[in-house]
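A structural walkthrough
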Amino acid sequence: MIINRIPALIIIAVLIAGCGQKNAESSLKEGRVLSDVRAVVVSAHPQGSHAGAMIMKKGGNAVDAAVATGFALAVCYPAAGNIGGGGFMLVRTSEGAHDLIDFREKAPLAASRDMYLDAADDVVRGLSTDTHLAAGVPGSVDGMIRIHAKYGKLDFREVIQPSIDLAANGFILTAEQASSLNRSAEMFRKRNPEGCAFVRVPGWKEGDTLRQPDLATTLERIRDYGREGFYSGLTAKLIVEEMKRGNGIITSGDLEQYSAVFRKPLSSSYRGFDIVTCPPPSAGGIILLQMLEMIEPFSPAEHEFHSPEMIHLIAEAGKRAFADRARYAGDADFISMPVQELLNENYLKERMAGFDPIAATPSSNIGAGDPVSSGSTETTHFSVVDEEGNAVAVTTTLNGSYGSGIVVKGAGFLLNNEMDDFSVKPGFPNMYGLTGSDANAIEAGKRMLSSMTPVIVEKEGKLFLVAGSPGGSTIPTSVFQVIINLIDYNMTPRAAVDTGRFHHQWLPDRISIEKNSLTEKTAGRLQKMGHILHEVTALGRVNAVCARQNGFLEGVADKRGDNSASGY
Ligand code: DON
């Protein structure tokens, strides 16, 4: 009798568990803007946010949720979510302690300074972006595992499981994803002659299900063997075989030696707010803090929002910060980089000494400062805050959209093309138009310079904002604008994220401006000041969480793209 009852009891238990899961799911709020929630994930894809929010519902904290979202995006947002790329995760614990894990890719040990130049010392077009040689040693898996081991509450197996389910069962493509995959079909075919999951004949449409069985088994190996499931064993073997097939240089030694590193975040203050952000090898944090410090004495809020004066001030600060980047920034584990000097208040005052409030200073007249003597692209950002107040900001990338476009055969994931973020030749622009110097030259084992800028802002020791963005060189300036929109222009979180953006990066010497964000009169005035204006469709995609005065959170997903918030 008892034996006969066991299957029935199991069925009842499974049904109850199933109902519990359904209830948990139905009590989640999902949408572009979520107000008055206690825990929230904002990411580039509804399924990515959902995976993280569900993990918090099950008792996980913000780090558990961020790791679940990170792996889920590797499945449902293949343009930038990844296990074959790298990034940075900034953490603020509910006690107010800060930490950062750098899981940026590294140059393979066989990489060398001139590896993308031909015999005449000219850059071979496409080598650092479109080939097996474009890939840096991936860091995402090690980063996720290490941060989870340090802060996670739930078992790692539970946290990674949603991504395995998404890969095995498939997920529904959004309209934007279907057309993006169709646009990239030719590239996928060329770079994966034996086929890959991302190509479908006659093409994808909204609502189709994309299944990735090879990726599911790779994720299972990571679930079962942790770091070893990626950096050694079968996955490593498949990566090395892929390299051999395409004349790449990543070896099993590169994979075994890869390690993400914990670093001290950078911080500074702006108008009574504390800004905590990413240190090198990203230059994004330095640019953000430099620009805030440079504009603070000029009280931007005295100028009307998007007035010519306001845009001019910020563009001039941008030119100076990006000129410093080109000269000084690189992997501080390899070069000596004057980080504190670049952030020094007096140095930044001096940098703005030549600022002319009515005329643009041509970039050709602006070089890097002397801080020591004076004292398509695609990336993705997600922000998470849990009920206890732990906050996480993660920016991760393959560099270009779908990275190198090369899928590791049998393992189902895309390799990055992050090597292009090195200065492949002094003064030669990377795919974001950024130039660099010796500081960012290629060296074996070195990390390429980044612009990623995960940020956490606090007011009087309390959480105020968690944010970040994709967009290559436009990342720090997008994050910068959201911060000043909130602090100087008292915008609602939604308006602060959605309103039009602009960008100046020293070279090319022009202000990029989102379509329809300025009046003709303002544009005309800026041109009279000597600025060249360049219209673009979109700058950045900021996914943010704001802590409100009533004790609740507001999650805001950028209107640019499929971004979505999920919480309760
Ligand atoms: O690390 C960096 O700065 C670049 N690889 C980021 C690329 C990026 O943001 C592309 N996004 N649109």
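Before reading further, recall that the structure is shown in the block above.
Residues numbered from 1 in each chain as written. Predicted model: local features only at pLDDT ≥ 70, side-chain atom pairs only at ≥ 80, totals over all residues. Heavy atoms only, no water.

Closest axis-to-axis distance for the helix α3 (residues 62-76)/helix α9 (residues 213-225) pair is 11 Å, and the angle between their directions is 160°. Classified by the angle their axes make, α3 and α9 are roughly antiparallel. The hand of the α3/α9 crossing is right-handed. In contact with Phe71, Ala74 and Val75 of α3, α9 contributes Leu215, Leu219 and Ile222. (Axes fitted to C-alpha atoms, helices over the stretch in contact; angles between N-to-C directions. Helix = DSSP H or I, 4+ residues; strand = E, 2+ residues; numbered from the N terminus. Parallel < 35°, antiparallel > 145°, perpendicular 65-115°, else oblique. Left-handed = near helix turned anticlockwise from the far one by under 90°. Contact = heavy atoms within 4.5 Å.)

Working definition: an aromatic ring pair is given by the centre-to-centre distance plus the angle between the planes. Under the definition given, this model contains nine aromatic pairs. Taking the centre distance of 5.9 Å and the plane angle of 75° together, the rings of Phe71 and Phe156 count as edge-to-face. Linking Phe71 in helix α3 with Phe156 in helix α6 (residues 156-169), this pair joins segments that are 85 residues apart in sequence. Taken as a pair, Phe71 and Phe156 share a single burial class, namely buried. (Phe/Tyr/Trp six-rings, centres within 6.5 Å; stacked < 30°, edge-to-face > 60°. Buried < 20%, exposed > 50% of the residue type's maximum accessible area, 1.4 Å probe, protein only.)

A few words on the site of the ligand. Near the ligand you find 16 residues, and of these Thr379, Glu418, Asp421, Ser451 and Gly472 are the closest. Residue Thr379 places a side-chain N or O atom 2.4 Å away from an oxygen atom belonging to the ligand. For the ligand, whose accessible area on its own is 350 Å², the fraction buried by protein is 97%. Judged by its atoms lying within 2 Å of the grid points, the ligand is housed in the largest cavity. The set of elements that each furnish at least two residues to the shell around the ligand consists of β11 (377-385) and β12 (391-400). If one sorts the elements of the shell around the ligand by residue count, β11 sits on top with three residues. For the shell around the ligand, the residue count by class is four nonpolar, eight polar and four charged. (Near = heavy atom within 4 Å. Polar contact = N/O pair within 3.5 Å; in protein donor to acceptor, adjacent residues only side chain to side chain. Areas by Shrake-Rupley, 256 points an atom, 1.4 Å probe, with all protein chains shown as cover. 1 Å grid on protein atoms, 1.4 Å probe; cavity = no way out; pocket = protein on both sides within 12 Å on 5 of 7 lines; lining within 4 Å. Sits in = over half its atoms within 2 Å of the grid points. Nonpolar A, V, L, I, M, F, W, Y, C, P; charged D, E, K, R; others polar.)

You can see Arg351 is positioned in helix α16 (residues 345-351). Polar side-chain contacts of Arg351 include one of 3.1 Å to the side chain of Asp324. With near-sequence residues (within four places) excluded, Arg351 lies in contact with Met294, Arg320, Ala323, Asp324, Ile366, Gly367, Ala368 and Gly369.

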